[in-house]
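Residue-level structure breakdown
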Amino acid sequence: MSTLLYRSHSYDQHKECAKKTAVKLTYRRQVYQTRRAEAQRATVELKYRGIAYIL
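Criteria and cut-off values
Residues numbered from 1 in each chain as written. Predicted model: local features only at pLDDT ≥ 70, side-chain atom pairs only at ≥ 80, totals over all residues. Heavy atoms only, no water. Helix = DSSP H or I, 4+ residues; strand = E, 2+ residues; numbered from the N terminus. Rg over C-alpha atoms; globule rule 2.2 N^0.38 Å. Buried < 20%, exposed > 50% of the residue type's maximum accessible area, 1.4 Å probe, protein only. Areas by Shrake-Rupley, 256 points an atom, 1.4 Å probe, with all protein chains shown as cover. Lys, Arg positive; Asp, Glu negative; His and termini not counted. Charge placed at Lys NZ, Arg CZ, Asp CG, Glu CD. Pairing = 2+ DSSP bridges. Phe/Tyr/Trp six-rings, centres within 6.5 Å; stacked < 30°, edge-to-face > 60°. pLDDT = per-residue confidence, 0-100.

Turning next to the overall build of the chain. What the chain contains, in helices and strands, is one helix and four strands. Taken over C-alpha atoms, the radius of gyration comes to 23 Å for the chain, far larger than the 10 Å a tight globule of 55 residues would show. Seen along its three principal axes, the alpha-carbon backbone of the chain occupies a region of about 55 × 35 × 20 Å. Looking at the 55 residues of the chain, the share that counts as buried comes to 0%. Summed over its atoms, the accessible surface of the chain is roughly 6,400 Å², and 54% of this surface lies on carbon and sulfur atoms. Across the chain, 12 positive and 4 negative side-chain charges occur, with their mean positions spaced 7 Å apart.

This part is about the pairing of strand 1 (residues 3–6). Where strand 1 meets strand 2 (residues 9–12), four bridges bridge the pair, whose relative direction is antiparallel. Its bridge partner lying in strand 2, L5 is registered against S10. Adjacent in sequence and paired antiparallel, strand 1 and strand 2 are bridged by two residues, among which R7 carries a positive phi angle near 50 degrees.

Scanning all chains against the criterion turns up one aromatic pair. Aromatic side chains Y27 and Y32 sit 6.2 Å apart centroid to centroid with 45 degrees between the ring planes, which places their arrangement in the tilted category. You can call Y27 exposed: its relative accessible area is 59%. The class for Y32 is partly exposed, based on a relative accessible area of 46%.

In the sheet, strand 3 (residues 45–48) pairs with strand 4 (residues 51–54) via four bridges, with the strands oriented antiparallel. Pairing of L46 across the sheet is with Y53, part of strand 4. The loop that links strand 3 with its antiparallel partner strand 4 comprises two residues; one of these, R49, has a positive phi angle of about 55 degrees.

Let us now look at the confidence of the model for the chain. Overall, the predicted model of the chain reaches an average pLDDT of 85, with 96% of residues at or above 70. Taken element by element, the predicted model of the chain shows its lowest mean pLDDT in strand 1 (84) and its highest in strand 3 (90).

Shown next, in the form of structure tokens:
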């Protein structure tokens with residue numbers, strides 16, 4: 001078990017930690033930049049009480 005510290009108070013964890021294998025995260029620059037550019041091109045129109053707002 002481990003002791004957790006939060007705002008100067010210590011808490012005991014009463015259950016065991018899960019045994020999981022580590023997952024390696026990857027950063028795909030081109031995919032990120034492409035999706036961000038597509039999101040910027042999209043025109044969004046919102047309506048609130050009959051008044052249209054274009055973002």
